[in-house]
Amino acid sequence: MMTTDRAEWVVEGYRFTSMEDADLARLELEKIKALESRMDYHNGEMVLSVYNRAIMNRTFQTPVGCQYLLKLRSYLLETGAAREGELRPIPFQAQFTGKTRRQETYRKASAEQKEKERTVPMWSFCISVAINVILAVLVSVMFMITLYSDNPNILNYKTQIVNEYASWEQELRAREREVSGRERELGITPEYPNRAQEEDE
């Protein structure tokens, strides 16, 4: 099993939780030394420009870099080169509570959702019942219209067809009687006697 020297994880008095973070802090320390070698603290605009650029580019992410940004911030405020409201806040990525913001947001949203589910408003229930009653009435009316409609449909097609054939048969018999009555009046005998007469002969 490989052991690591935890002393290597300490940079500028800060002990980091991984070698990668410690190396990042050392890199930031080198950047700070390079900036300090060219920094003119008599030029407030230059200090403000370095401060703003470092925050915009997220040059410093570890406590070592944030400590340097805090030094520049204090200088700007003490010399009057900038006021508190004019300076950008120093971004800090560490997490101290053990919970991520996403977990906390999800927990709050979940609790709010459960609370809403428990307290369904009475008016919402009444509206739902009213809509269901209206839909049931509409469906019943549609069935009644379909059932008693004059047009053939799936519910009354047999009755409609039987009634139609019955009315045709009645019309046909009435016309036959009318034609037979006129033939008798005129003394005309049919050319084609019915089958009963043919069988008698």
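Note that this is a predicted model, so its numbers are computed, not measured.

A.B. asks: Tell me about the side chain of S18, residues and numbers included.
C.D. replies: Looking at the secondary structure, you find S18 in the loop between β2 (14-15) and α1 (19-38). Engagement of the side chain of S18 in a polar contact is seen with the backbone nitrogen of D21, the distance being 3.2 Å.

A.B. asks: Please give an account of the packing of aromatic side chains that cites residues and values.
C.D. replies: In the structure shown here, the tally under the stated rule is 2 aromatic pairs. For the pair Y41 and Y75, a centre-to-centre distance of 5.2 Å together with 75° between the ring planes defines the contact as edge-to-face. Of the two residues, Y41 sits in the loop between α1 and α2 (44-56) while Y75 sits in helix α3 (residues 63-79), which places them 34 residues apart along the sequence. Y41 sits in the partly exposed class, given a relative accessible area of 22%.

A.B. asks: Describe the layout of surface pockets, listing the residues and the values that go with them.
C.D. replies: Taken as a whole, the largest pocket holds about 230 Å³ of empty space. F16, D21, P63, F92 and A94 are, among the 13 residues lining the largest pocket, the residues nearest its centre. Of all elements in the fold, only β2 and α1 reach the threshold of two or more residues within the lining of the largest pocket. Broken down by class, the residue content of the lining of the largest pocket amounts to 7 nonpolar, 4 polar and 2 charged. Volume-wise, the second largest pocket comes out at about 170 Å³. Considering the residues around the second largest pocket, the lining is formed by K31, L35, R38, M46, V50, R53, A54, N57 and T59. Elements represented by at least two residues in the lining of the second largest pocket include exactly α1 and α2.

What counts, and at which threshold
Residues numbered from 1 in each chain as written. Predicted model: local features only at pLDDT ≥ 70, side-chain atom pairs only at ≥ 80, totals over all residues. Heavy atoms only, no water. Helix = DSSP H or I, 4+ residues; strand = E, 2+ residues; numbered from the N terminus. Polar contact = N/O pair within 3.5 Å; in protein donor to acceptor, adjacent residues only side chain to side chain. Phe/Tyr/Trp six-rings, centres within 6.5 Å; stacked < 30°, edge-to-face > 60°. Buried < 20%, exposed > 50% of the residue type's maximum accessible area, 1.4 Å probe, protein only. 1 Å grid on protein atoms, 1.4 Å probe; cavity = no way out; pocket = protein on both sides within 12 Å on 5 of 7 lines; lining within 4 Å. Points joined across faces, edges and corners; volume = space filled by probe spheres on them. Nonpolar A, V, L, I, M, F, W, Y, C, P; charged D, E, K, R; others polar.

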